[in-house]
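What follows is the residue order along each chain.
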Amino acid sequence: MSTTVIQIITLITTAISFGTVILFGSLGEILTEKSGHLNLGVPGIMYLGGIGGLIGSFLYENASASPVPFVGMLVALAGTLICSVLGGLIYSFLTVTLRANQNVTGLTLTILGSGVANFFGGSLSKLAGGVGQISVPATSSAFCATQKLSDALVALVSKGASSSGFLRVLGGVLDGFDKVFLSYGFMVYVAVIIAILLSLFINRTSKGLNLRAVGENPATADAAGINVIRYKYLATCTGAAISGLGGLYYVMDYINGTWANDGNIEALGWLAVALVIFATWKPLRSIWGAYLFGALYWLYNYIPGLTRSMQEVFKMLPYAVTIIVLIMVSLRHKKEDLPPSSLGLSYFREDR
Amino acid sequence: MIHISKRVDFTLFKGKAAWMNRFIGWGIRLLAVALSLVVCGVLIYALTKLNPVKVYAVMANGVFGTTRRVWAWLRDLALLLCISVGLAPAFKMRFWNIGAEGQVLVGGIATAACMIYMGGMNIPTPLLLLIMAATSIVAGAIWGIIPALFKARWNTNETLFTLMMNYIAIQLTSYFIPKWEHPKGSNTVGLINAGTQAGWFPSFMSKEALAKLDPNAWYTGLLKNTVGQPYLLNVLIVIAIVLFMFFYLKKSKHGYEIAVVGQSENTARYAAMNVKKVIVRTMTLSGAICGLGGFLAVAGADHTISAATAGGRGFVAIIVAWLAKFNTFVMILISAVLVFLEKGAIAIASEFSLSNDVSHIIKGIILFFILGSEFFINYQIKFTGKSGRRADK
């Protein structure tokens, strides 16, 4: 294969694995925002999800002499779900039951989440009596087991490649296909499946319709007999669980089961909030949106002759594109592209 | 069953003066802070196995132990307060300016640029500081005007727009860092004008002048601890801003217009106010003051610039401004407590070799408690017993 093709393939794979982190984050946030709650705590919840999984698997791997990757994965998953749903519960208790301001509560959740995560990420191995950087190799291996389904096929074809020109091309295509679509940990596919399920749920089920009604006009939904409080709680907590998976994927797959105290999760969390806008609150659109963001973010690696300064300008692209989309949406004012109309407002039945 | 309704008065003070009700409101908030300190104490005990009272003593010593520490506290307090005060008019107008972080950063970039390019020109310090302040104000104002224009013209969502502008500003900072890096290859800007200290906030009395004072005179220590300190200018600038903003919001025509637009844009339009003009004007002011915050951070504290110059203060300030209900004097109190907690938690962390991030945990817990307490001020809960259940049927 020529270098350009190889470069394009690496850009795509980088974009997809990077995009998956923000895809999880944005899917959770879409579900939450559909109930009318703008949760600016997504970075915090992704932090909580990441550290929850890491703590769980760390305790497991420390306790067992020869940790089984699959069990470690289950423990990590449980840790993530518990921690991120806990974050969602704090947020929904404050904003739904106590009707606190959503923006302020979300930002506080981000502060708390980053504090908890970086605190334990930095000092967990020390608290447990160990030294050095926290690391969970066994669990991480379960997450990034790159299943190359077509490996055997590729090997077979490339064996005959020297003899036949057709087979050589086929081998190249297969190899490219393999790299672009099949070289990731399983969570990349989980994210896509969740996106499709979420889209079906929101657009095709009566529960989804109820949820949209709650987000558009809670008073009307309430009058129609929908339990507004329950929908808001469930949407926020499920959303938090999905967003938390983004943190788990980042920790276990993207940085291979360790902790980096570099604020990356926070930056990715805000990118996830941006992606919700970019996708105009549609789960399916956020799949390719996430990969596009990933490609835009890493584009600077593939443009020759950039100074370090110019590289930073290129990293601005996802945010700039989001602003442009935001402006376009408000310009066109198409009904199906607008945010849920009660987004950010708390609901009190006795308000007139 | 439980019945929740909007509170008009506290039962105890039914029909009495408003200040009495406000008094109870603050009582509830104080109770929330006390409760959160108990929770934090339990948490600290769990982590360090130390007497929480002793830990709080370590905190107090870490913040107020020496004159130097007190001034560091005042410096950080001034910066947080400056940003919070800058956000107040925007929030009072119900314009969610989440972009303070970015506005501070562009102000900081402008300040650093002036220090780097004009530092060698031998401009007298007051004039140089004025130029730096002016450019930082302009930079912050531009960062505030952009989302405001779109909000005013096309009703573009300002929460998300300003949020994105933060990251544009962060990348912009990263763009300048390699250009200004010192020493080469460090990927940091380093102390700007470390030798000449051009553009740094001066102390009002130099060390030589202080040394000439009679060491036995009663005023010597006082002067040393006030005008001899480098951060006095930060504090003075912010006091001026706080006073200005208090009167601007409470007593000026502009402040009244902001309040009306915040309550209801339709009412404002009916009263023949130019809503678009008010939005753009207010955000210009808001961005300008946040930009000045960048000037304080770079020229008055760090003497360098990095993507962490704003350090999340832009987000914390949002919470301060909201909790203070746009009252600039209440903001002093809240930011004082928050900066105390932050610095105190860092003191605990270094004393017991924990990570500094413990300060974010404590901050988060306390803010959650205060946020939750607002509910008990704004709503009243009645336990109606069985009769209520019958009424439901």
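Reading the values: rules and limits
- Residues numbered from 1 in each chain as written.
- Chains lettered and ligands numbered in written order.
- Predicted model: local features only at pLDDT ≥ 70, side-chain atom pairs only at ≥ 80, totals over all residues.
- Helix = DSSP H or I, 4+ residues; strand = E, 2+ residues; numbered from the N terminus.
- Rg over C-alpha atoms; globule rule 2.2 N^0.38 Å.
- Buried ≥ 20, exposed ≤ 12 C-beta atoms within 10 Å, placed from the backbone.
- Contact = placed C-beta atoms within 7 Å.
- Pairing = 2+ DSSP bridges.
- Expected span 1.5 Å × (residues − 1).
- Bend = angle between axes of the 7 residues up to and from the residue.
- pLDDT = per-residue confidence, 0-100.
- Core = buried A, V, L, I, M, F, W, Y, C linked by C-beta atoms within 7 Å.
- Domains from an automatic or database assignment.

Draft legend 1. Quick look at the overall build of chain A. When you go through chain A residue by residue, the secondary structure sums to 15 helices and zero strands. Rg of the C-alpha trace for chain A: 22 Å, near the compact-globule value of 20 Å for 352 residues, within the 12% margin. The C-alpha extent of chain A, read off along each of the three principal axes, is 80 × 55 × 45 Å. By residue count, 50% of the 352 residues in chain A fall in the buried class. By sequence separation, contacts in chain A at least 24 residues apart represent 80% of the contacts at least 6 residues apart.

Draft legend 2. Molecular detail of the pairing of strand E1 (residues 2-6) of chain B. Residue and element names in this part refer to chain B. Of all five residues that make up E1, zero are buried, and the element is exposed over most of its length. Across five bridges, E1 lies against strand E2 (residues 379-383) in antiparallel orientation. Note that in E2 the partner of histidine 3 across the bridge is lysine 382.

Draft legend 3. Quick peek at helix H5 (residues 125-154) of chain B. Residues and elements named next belong to chain B. In this model, H5 (30 residues) spans 44 Å end to end at C-alpha, consistent with the 44 Å of a helix rising 1.5 Å per residue. In H5, a bend of some 25 degrees at isoleucine 145 exceeds every other bend along the element, and proline 147, a proline, comes one to four places later. Following H5 by one or two positions, asparagine 155 has its phi on the positive side, about 60 degrees.

Draft legend 4. Local environment of the confidence of the model for chain A. Looking at chain A as a whole, its pLDDT mean stands at 86, while 91% of the residues score no less than 70. The element-level mean pLDDT for chain A is lowest in helix H6 (residues 151-159) of chain A, coming to 61, with helix H11 (residues 228-254) of chain A highest at 94.

Draft legend 5. Region of interest: the nonpolar core. Core analysis: the largest hydrophobic core is formed by 211 residues, its most contacted members being Leu275 of chain A together with Leu80, Cys82, Met164, Ile318, Val320 and Ala321 of chain B. Here the element with the most residues in this core is H11 of chain A; it accounts for 14 residues. Counting contributing residues, this core receives three or more from each of domain 1 (1-50 + 352-393) and domain 2 (66-337) of chain B. Residue contacts for methionine 164 of chain B: discarding those within four places in its chain leaves Ala274, Tyr319, Thr322 and Ile323 of chain A.

Draft legend 6. Focus on the domain arrangement of chain B. Domains assigned within chain B are domain 1 (1-50 + 352-393) and domain 2 (66-337). Computed from C-alpha atoms alone, the centre-to-centre distance between domain 1 of chain B and domain 2 of chain B is 31 Å.

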